[in-house]
Amino acid sequence: MPSRTVRYVELTPAEFRQRLPESLDLYVQAMRYPPGTAEQRAPMWLAHMLREGWRNVTALDAEGTMIGLAYGYRGRPGQWWHEQVRAGLMARGEPTDPLDDYFELTELHVRPDSQGSGIGEELVRTLLADQRQPRVLLSTPEGPSRAWRLYRRLGFTDVLRHYRFAGDPRPFAVLGRSLPLD
């Protein structure tokens, strides 16, 4: 269970924009990326905030410091991720119907010193509560991790495995499940 000192708040796009440097720093820490990664991601995150159905949930500690974040939006044809997944499914002869109407869980990150305490699960549950789309989709690097255990525990199943997104040499899994969460 999450600590009682953790607050979960939904930030508006304007509030999230104000906290973007802190959000990106958390992202870089959680993903163990080099510091320059934040500068590359900032324009993309700002663009994501303009998409239909964008929603953010942030975990704050007792001092108001961001220790976790999750955001997503309604996936649509023409969006980079949607088109990448569609191409991957079609190349393997798989049906593309998971892409018909979905919420894309785009980012989920918890500061390393706060991982394993239930914050990630609470972020997912809060973010996905009351979503209007019938399913949620996400991508995550292949391999054993806390994220994989979380997604499996929440009932996510395989949509596309060992897929390589353009510009990233790592294999990814696309996972999905119906909504609402149990």
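Keep in mind that what you see is a predicted model, and the values were worked out from it rather than measured.

(A) Main features of the overall build of the protein. Counting its secondary structure elements, the protein contains 6 helices and 7 strands. Taking 182 residues into account, the globule formula puts the C-alpha radius of gyration at 16 Å, and the protein, at 16 Å, falls close to it. Considering only C-alpha atoms, the protein reaches an extent of 50 × 35 × 30 Å along its principal axes. Relative to its 182 residues, the protein shows a buried fraction of 47%. Taking as baseline every contact in the protein between residues at least 6 positions apart, the subset at least 24 positions apart corresponds to 67%. When the accessible surface of the protein is split by element, carbon and sulfur atoms take 51% of a total near 9,400 Å². Distance between charge centroids for the protein: 2 Å, based on 24 positive and 23 negative side chains.

(B) Region of interest: the nonpolar core. By size, the foremost hydrophobic cluster in this structure holds 25 residues, and its most contacted members are L123, V124 and Y151. When residues of this core are traced back to their parent elements, those giving at least two are β2 (55-60), β3 (66-75), β4 (102-110), α5 (119-128), β5 (135-141), α6 (146-153) and β7 (172-178). In terms of residue count, the dominant contributor to this core is α5 (5 residues). Not counting residues up to four positions away in its chain, the partners in contact with Y151 are L105, L108, L138, T140, F156 and L175. L26, V28, W54 and L69 belong to the second-largest nonpolar core, a separate cluster that totals 17 residues.

(C) Summary view of the packing of aromatic side chains. In total, this model carries 12 aromatic pairs according to the counting rule given. Ring geometry for Y163 against F165: centres 5.1 Å apart, planes inclined by 90°, an arrangement best described as edge-to-face. Feature note: the residues F16, Y27, Y33, W45, W54 and Y71 constitute an aromatic cluster, connected by ring pairs.

(D) Structural detail: the side chain of S114. Relative to the helices and strands, S114 resides in the loop between β4 and α5. For S114, a relative accessible area of 13% corresponds to the buried category. At 3.4 Å, the side chain of S114 and the side chain of D113 are in polar contact. Excluding its chain neighbours within four sequence positions, the residues that come into contact with S114 are I67 and I119.

(E) Quick look at the pairing of β3. The buried fraction of β3 is high, at 10 of 10 residues. As paired elements, β2 and β3 share 6 bridges and run antiparallel to each other. Pairing of A59 across the sheet is with G68, part of β3. Between β2 and β3, which follow one another and run antiparallel, lie 5 residues, and G64 among them has a positive phi close to 90°. Two elements, β3 and β4, share 8 bridges in a ladder whose sense is antiparallel. The residue bridging Y73 from the neighbouring strand is E104, located in β4.

(F) Highlighting the sheet that holds β5. Pairing within the open sheet is mixed, and its 7 strands lie in the order β1-β2-β3-β4-β5-β7-β6. The outermost strands of the open sheet, each flanked by one partner alone, are β1 (7-9) and β6 (157-163). Each adjacent strand pair in this sheet contributes to an overall mean axis angle of 20°, direction not counted. On the sheet, helix α4 (residues 80-91) packs against β4, β5, β6 and β7 and is oriented at approximately 85° with respect to β6.

Rules behind the numbers
- Residues numbered from 1 in each chain as written.
- Predicted model: local features only at pLDDT ≥ 70, side-chain atom pairs only at ≥ 80, totals over all residues.
- Heavy atoms only, no water.
- Helix = DSSP H or I, 4+ residues; strand = E, 2+ residues; numbered from the N terminus.
- Rg over C-alpha atoms; globule rule 2.2 N^0.38 Å.
- Buried < 20%, exposed > 50% of the residue type's maximum accessible area, 1.4 Å probe, protein only.
- Contact = heavy atoms within 4.5 Å.
- Areas by Shrake-Rupley, 256 points an atom, 1.4 Å probe, with all protein chains shown as cover.
- Lys, Arg positive; Asp, Glu negative; His and termini not counted.
- Charge placed at Lys NZ, Arg CZ, Asp CG, Glu CD.
- Core = buried A, V, L, I, M, F, W, Y, C linked by side-chain atoms within 4.5 Å.
- Phe/Tyr/Trp six-rings, centres within 6.5 Å; stacked < 30°, edge-to-face > 60°.
- Polar contact = N/O pair within 3.5 Å; in protein donor to acceptor, adjacent residues only side chain to side chain.
- Pairing = 2+ DSSP bridges.
- Axes fitted to C-alpha atoms, helices over the stretch in contact; angles between N-to-C directions.

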